[in-house]
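Notes for the structure review
So you can see what is in the structure, the chains are spelled out below.
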Amino acid sequence: MSARIIIKSGGRASWAIRAAAAAAVVALLLWIPTRGSDSLIDTCTTAAMLMAAAMSLNLLLGYTGQISLGHSAFFGIGVYTTAIAVTRWGWSPFVTLPVAFAVAFVVGLLVSLPALRIKGVYLALVTLALGLVFPAFIKWPKIEWLTNGSRGLDQTGFKFSKDNPTYELFGWNPWGNLRGQNVKPFYFWVGVLMVVFVYLVCRGVVKSRVGRSLVAIRDNSTAAAVMGVNLAVTKGIVFGLSAAMCALPGSLSAIRTGTVTPDSALLTVAGSITFLVIMVVGGSGSLWGPVMGAIVYQFIIERTGDWSDPDKIPGAVRPLFSWSDVAPGGGIFAMALILLMFFAPFGIVGLWHKLVAKVVTVVPKPAGTTSLVREETAPAES
Amino acid sequence: MALFLQRLVDGLAEGSIYALLALGLVIIYRGTGHLNFAQGEMALFSTYTVYQFGEWGVPIGIAVLLGMCVGFVLGAATEVVLVRPISKKSPFAVFIVTIGMFQLLNWLDGAIWGGQQLPSTAMGSKQVKFPSLFPSNPDDYFTVFGAAITWRSFCILALVLVIGAVLYLLFNYTKLGLAMRAVASNSESAKLVGIRTSTVLMFSWGIAAAIGALGGVVFAGLTTNVNQSLMFQVFIYASAAATLGGFDSPGGAVVGGLSIGVIQNLAAGYADEWVGQEMKVGVAFLVILAVLLLRPSGLFGTSKVERV
C-alpha cells in the first residue's frame, strides 16, 4: 500500500486546501479582466452565462432527475423580457433582471404542474416540444406587436455614457479597462456576479432540507413521499427556481449583445442541448460540474472555431478533422457525450473525485454533522 | 366542401410521413422501452445518402432502397454498439446517448454535405431539386367532388397504408414478428423459450430506422430539398403521433400520425390567423400535453402498471 495522504474533513489541512483553492479562484478572477486580452474576457463572459444556464438545468436534472429539454425557452423568456421592457417601455436594462427572474419563475411553476404527472423521457418529450414552440411563439403574428416577430428587437443593450464612473480601489482598478469604450470587463464582472448568485442559490437549495428531499425524490419518489416529503410543492418550487435562474443569463445576453432574434442559437432547441452537454461533460449532480463544463465547452468551441480551414488545425489532430470544412466543435461534444456515459458518467468532476480518491483519503465528520456526501467522494477503504 | 376535402387529403399525406417516423418510434419502444430521440436524425442521415446516390446517377427508386439499407445498418449498429451496453446502466444514460447520437448525426450531415440546403447549385449539385418518389408536376392531379387531389398526396397516403400492411403481416405471420411480439410482451420469458432477444432487438432498431429513412425521403421530396433542420419539427410531430396512438401500438402510430396531420392542416387552414404555418408546432405541443395528462397510454396503447 503506497503512502496515502489522510485529510480530516473540517480539520486544519482541509481548511488550508479550501483557502488555497478560494485564493486561486479569486486571483484568476482578478487576473482575467486586468491582464487578459479582450477576446479572453469575452470568452470568459460567455462561459459565465453558459455556466449559469447549465447550473440551473443541473439543479433540476442532476438533483431531481426531471429531464428538461426546454431550458432554451426559459433562457429565451429572459432574453425577451429584457428586450421588451427596454425597447417598448424604456426601462433601464439592469432593472429588468429581477423581473425576468420573476416571470420565468411563474412560467416554470406552470410547467411544473404537468411535470408532476409526466415522468422521465415523457417529460423530456413535453419540454422538447416547449423548446420548439418558444421561437414559433415569438414569431406568432398575434404577438408581433410586442416581439417584432422574426425581425427581432434592436437597441436592447445598456448605454454607456462618457461620464460613467470608473471605480478605483486604493489607486488600482479591479474592473479592468472600464475607462473609454472598453466595456468588456464590466460585463465580465456582471457575469461573475450572476454565476456567484446562481451558485449560492443552488448550494443553498442542495445543502438544505430541500436538497436532501430532492435527492430522495430522484432516487425513490415513493419512499420520499412516505417519509413526509411534499412532492408537489418541492418539485414545483425547484422547477420554478431552475427556470428563473436560466432566465438570468438570457437577460444578460440581451443586455450585452444589444439585439435579439428568435432564431439565435441559444433560444432554439440547440440551446437546450448545449446546456445539457455542458452539464453532463462537467458532471451532473455536482455543484462544480457546470462550472468546469462551461469553461471546457466554451474554450474548445472557440479553439476549434476556425478549424473549417484545414491549415489552421494543429498537426496532431489534422487527419481527424481536415476532411470537412465545418467546424468540428459540435461533433467533438456529441462524441464526448456518448463516451462519457460509458466511461465517466459523472463527468469531469466525477473523474477528478476518482483520481483524488486514489491518493487522498478524506475522513468525513461523524455521521449527522455533514450535510450531503455524494457516493463518489465517500472515502475508500485504506 | 371541395376545400375541406383538399385540406383533408393534404393533411393525410403529411400525416403519413409522421406516421412512418412514429412507427419507428413505436417499434423501438415496444422492443426496448426507450424513446429514440435520434430517430429523426437517423432518417435525415439516410435522406442525405439518398441525395448522394442521386448525385451519382442512381435512379430514385433504387436510391431509396439503398438509403433504407443505410438506415437499417445505422439503426442496428446504434443498438448493438451503444444502446445495448449502456441500457444496463440507467435509462437516463440511454437518453443521453440518444441525444448524443442526435447531435453527432446532425453534425455529420453538415460536415459531409456542407451544412447548406441541398440540392444547391452553389454546392455543385447535378440535381435541380430533391427527387420525389411520386409524380409531382403541377398538373398531376385528379378531381373528386371538385377538390383537386394531387397524385403525390394520394401516393404518399397509399405508401403508408402499404407499409402498415407489410408490418402487420410481419408482426403477425412471420417467425421474426412472433419473436418481436414475444420480446415486447416479456423479454425474460422470451429468452427462456429460446428466442435470441439480442438479434430481435437489433432487427427492431434496424427496421425502425429503415422506415424512418423512407419517411425522410418522402418528406424531402415534398419540400424539394434537404437541410440540417428538416427533421426537428417532423420528429416532434411523430412523437405527438406516437403519444396520441399509444407508444406500444403500431396501429395507433398510423392512426395518430394521420390524425396529427389532419388536425394540423385543418387548424392551419381554417384558423389561419391563430395557427398559421408558425404555430403548427403549438398544435403538436398541445396534443402531447393533453394526451399525457388525460390518458398517458394514448388511444390504443396498453396502460402501464408499475410495481412500487
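All figures in this text were calculated on a predicted structure; none of them were measured in a lab. (Residues numbered from 1 in each chain as written. Chains lettered and ligands numbered in written order. Predicted model: local features only at pLDDT ≥ 70, side-chain atom pairs only at ≥ 80, totals over all residues. Heavy atoms only, no water.)

1. Focus on the overall build of chain A
Convention followed: Only DSSP runs of H or I reaching four residues or more are called helices, and only runs of E reaching two or more are called strands; each is numbered from the N terminus. Accessibility here uses a 1.4 Å probe with only protein chains present; expressed as a share of the type maximum, an area under 20% marks a residue as buried, one over 50% as exposed, and anything in between as partly exposed. The Shrake-Rupley method, run with a 1.4 Å probe, gives the accessible areas here. Residue values count only the displayed protein chains as cover.
From N to C terminus, chain A includes 15 helices and 2 strands. Looking at chain A as a whole, 49% of its 382 residues are labelled buried. Per element, the accessible surface of chain A, about 17900 Å² overall, is 66% carbon and sulfur.

2. Focus: the overall build of chain B
We apply this condition: The quantity called the radius of gyration is restricted to C-alpha atoms. Its globule counterpart is 2.2 Å times the number of residues to the power 0.38. The contact criterion used throughout is that any non-hydrogen atoms of two residues lie within 4.5 Å.
Helices and strands together make up the secondary structure of chain B, namely 11 helices and 2 strands. Mapped in sequence order, the helices and strands of chain B form the string α-α-α-α-β-β-α-α-α-α-α-α-α. For 308 residues, the compact-globule estimate of 2.2 N^0.38 gives 19 Å, and chain B sits close to it at 19 Å. Taken over the C-alpha atoms alone, chain B extends approximately 60 × 45 × 35 Å along its principal axes. The buried share among the 308 residues of chain B stands at 56%. Long-range pairs, those at least 24 residues apart, make up 72% of the contacts in chain B with a sequence separation of at least 6.

3. Quick word on the pairing of strand E2 (residues 147–150) of chain B
Residues and elements named next belong to chain B. We apply this condition: DSSP calls a pair of strands paired once it identifies at least 2 bridges connecting them.
Across the two faces of E2 the burial differs, with Ala147 and Ile149 buried and Ala148 and Thr150 not buried at all. The pairing of strand E1 (residues 141–144) with E2 spans 4 bridges and is classified as antiparallel. By the bridge assignment for E2, Thr143 is matched with Ala148. Linking E1 to E2, which pair antiparallel, is a turn of 2 residues; within it Phe145 sits at a positive phi near 50 degrees.

4. Details of the packing of aromatic side chains
Any aromatic ring pair is given by two values, namely how distant the centres are and how the planes are angled relative to each other. Residue and element names in this part refer to chain B. Note the threshold: Ring geometry is summarised as follows: Phe, Tyr and Trp rings, the Trp one being its six-membered ring, pair when their centres sit within 6.5 Å, and such pairs are stacked at plane angles under 30 degrees, edge-to-face over 60 and tilted between the two.
Tallied over the full model, the rule gives 25 aromatic pairs over all chains. Taking the centre distance of 5.7 Å and the plane angle of 20 degrees together, the rings of Phe102 and Phe232 count as stacked. Remark: Phe232 occurs in helix H9 (residues 230–245) and Phe102 occurs in helix H4 (residues 91–113); sequence separation between them is 130 residues. Take Phe102: its relative accessible area is 15%, and that puts it in the buried class. Looking at Phe232, the relative accessible area reads 28%, which means it is partly exposed. With a centroid separation of 5.6 Å and an interplanar angle of 90 degrees, the aromatic rings of Trp151 and Phe154 are classed as edge-to-face. Taken as a pair, Trp151 and Phe154 lie in helix H5 (residues 151–173) at a separation of 3 residues, close to a single helical turn. Among the residues examined, Trp151 registers a relative accessible area of 37% and is labelled partly exposed. Judged by its relative accessible area of 42%, Phe154 is partly exposed. What links up through ring pairs into an aromatic cluster is the set Phe37, Phe92, Phe95 and Phe235.

5. Re helix H2 (residues 38–64) of chain A
Residues and elements named next belong to chain A. The line we're drawing: Here, expected helix span is obtained from the residue count minus one, scaled by 1.5 Å. The quantity called bend is, for any residue, the angle between two axes fitted respectively to the seven residues ending at it and the seven beginning at it.
Spanning 27 residues, H2 covers 39 Å between terminal C-alpha atoms, matching the ideal 39 Å at 1.5 Å per step. Where H2 bends most, at Asn58, the angle is about 35 degrees. Counting buried positions over the 27 residues of H2 gives 22, a clear majority of the element. In the stretch just after H2, Gly65 is the one whose phi turns positive, near 75 degrees.

6. Topic: the interface of chain A and chain B
To be explicit about the condition: Put simply, buried area is how much 1.4 Å-probe accessible surface two parts lose in total, over both of them, once they are put together. Distance and chemistry together define a polar contact, namely a pair of N or O atoms within 3.5 Å, with one atom able to donate a hydrogen and the other to accept it when in protein, and with adjacent residues in sequence counting only for side-chain atoms on both sides. Residues are grouped as follows: Ala, Val, Leu, Ile, Met, Phe, Trp, Tyr, Cys and Pro are nonpolar; Asp, Glu, Lys and Arg are charged; every other residue, Gly included, is polar.
Counting from both sides, the interface comprises 40 residues of chain A and, opposite them, 43 residues of chain B. For the pairing of chain A and chain B, the buried interface totals around 4000 Å² over both sides, and the portion due to carbon and sulfur atoms is 82%. Summed over the shared surface of chain A and chain B, the number is 5 residue pairs in polar contact (both at pLDDT 80 or more). Of all the elements in the fold, those that place two or more residues in the side of chain A that touches chain B are helix H5 (120–138), helix H11 (269–282) and helix H14 (329–343) of chain A. Looking at the side of chain A that touches chain B element by element, the count peaks at 12 residues for H5(A). Of the residues in the side of chain A that touches chain B, the class split is 33 nonpolar, 4 polar and 3 charged.

7. Quick word on the packing of H2(A) against H11(A)
Residue and element names in this part refer to chain A. Keep this limit in mind: In this analysis an axis means a line fitted to C-alpha atoms, helices contributing only their contacting stretch, and an angle means the value between N-to-C directions, from 0 to 180 degrees. In this scheme, roughly parallel covers angles under 35 degrees and roughly antiparallel covers those over 145, while 65 to 115 is roughly perpendicular and the rest are oblique.
At a minimum axis separation of 9 Å, H2 and H11 run at an interaxial angle of 75 degrees. By the angle between their directions, the pair H2 and H11 is classed as roughly perpendicular. On H11, the residues touching Leu50, Ala53, Ala54, Leu57, Asn58 and Leu61 of H2 are Thr274, Phe275, Leu276, Ile278 and Met279.

8. Section: the confidence of the model for chain A
If pLDDT is low for a region, its predicted coordinates should not be looked at in detail. Residue and element names in this part refer to chain A. So the rule is basically this: Along the chain, pLDDT gives the predictor's confidence residue by residue, from 0 to 100.
With 88% of its residues at a pLDDT of 70 or more, chain A shows a mean pLDDT of 83. Within chain A, helix H13 (residues 318–321) has the poorest average pLDDT of any element, 75, and helix H3 (residues 71–89) the best, 93. Counted against residues more than four places away or in other chains, residues 371–382, with its pLDDT under 50, gives 19 contacts.

9. Digging into the pattern of salt bridges
All names here are of chain A. Threshold: Think of a salt bridge as a Lys or Arg side-chain nitrogen and an Asp or Glu carboxyl oxygen that are within 4 Å of each other.
Using the criterion set out here, one finds 7 salt bridges over all chains in the structure. Here Asp42 makes a salt bridge to Lys184, at a shortest N to O gap of 3.7 Å. Of this pair, Asp42 sits in helix H2 while Lys184 sits in helix H7 (residues 184–206), placing them 142 residues apart in sequence. By relative accessible area, Lys184 is classed as partly exposed at 27%. Here Asp263 and Lys139 are joined by a salt bridge, their closest N and O atoms 3.1 Å apart. One end of the pair, Asp263, is in the loop between helix H10 (231–257) and H11; the other, Lys139, is in the loop between H5 and helix H6 (144–147), and 124 residues separate them in sequence. Residues participating in the shared-partner salt-bridge network are Asp42, Lys184 and Arg256.

10. Let's talk about the nonpolar core
Definition in use: To define a nonpolar core, start from buried Ala, Val, Leu, Ile, Met, Phe, Trp, Tyr and Cys residues and group those joined through side-chain atoms within 4.5 Å.
With 196 residues, the main nonpolar core has A:Leu59, A:Tyr80, B:Phe37 and B:Phe95 as its most contacted residues. Sorting elements by how many residues they give to this core places helix H8 (residues 197–223) of chain B first, with 14 residues. Contacts of B:Phe37, omitting those with residues within four sequence positions, involve A:Leu69, A:Val121, A:Ala124, A:Leu125, A:Leu128, B:Phe95, B:Thr98, B:Ile99, B:Phe102 and B:Phe235. By size, the runner-up hydrophobic cluster in this structure holds 6 residues, among which are A:Ile32, A:Phe188, A:Trp189 and A:Val192.

11. Considerations on the environment of A:Ala294
Residues and elements named next belong to chain A. Position of Ala294 among the secondary structure elements: in helix H12 (residues 289–303). Separated by 243 residues in sequence, Ala294 and Met51 place their C-alpha atoms 5.2 Å apart. When neighbours within four sequence positions are excluded, Ala294 is seen to be in contact with Ala47, Leu50, Met51 and Ile278.

12. Observations regarding the packing of H11(A) against H4(B)
This is how it is decided: Handedness of a crossing follows from how the near helix is turned relative to the far one, being left-handed for an anticlockwise turn of less than a right angle and right-handed for a clockwise one.
As a packed pair, H11(A) and H4(B) sit with axes 12 Å apart at the nearest point and diverge in direction by 125 degrees. In terms of orientation, H11(A) lies oblique with respect to H4(B). You can see that H11(A) and H4(B) cross each other, and the crossing is left-handed. Every residue of H4(B) that contacts H11(A) at A:Ile273, A:Leu276, A:Val277 and A:Val280 is listed here: B:Phe95, B:Ile96, B:Ile99, B:Phe102 and B:Gln103. Tallied by class, the residues present in the contact of H11(A) with H4(B) amount to 8 nonpolar, 1 polar and no charged.

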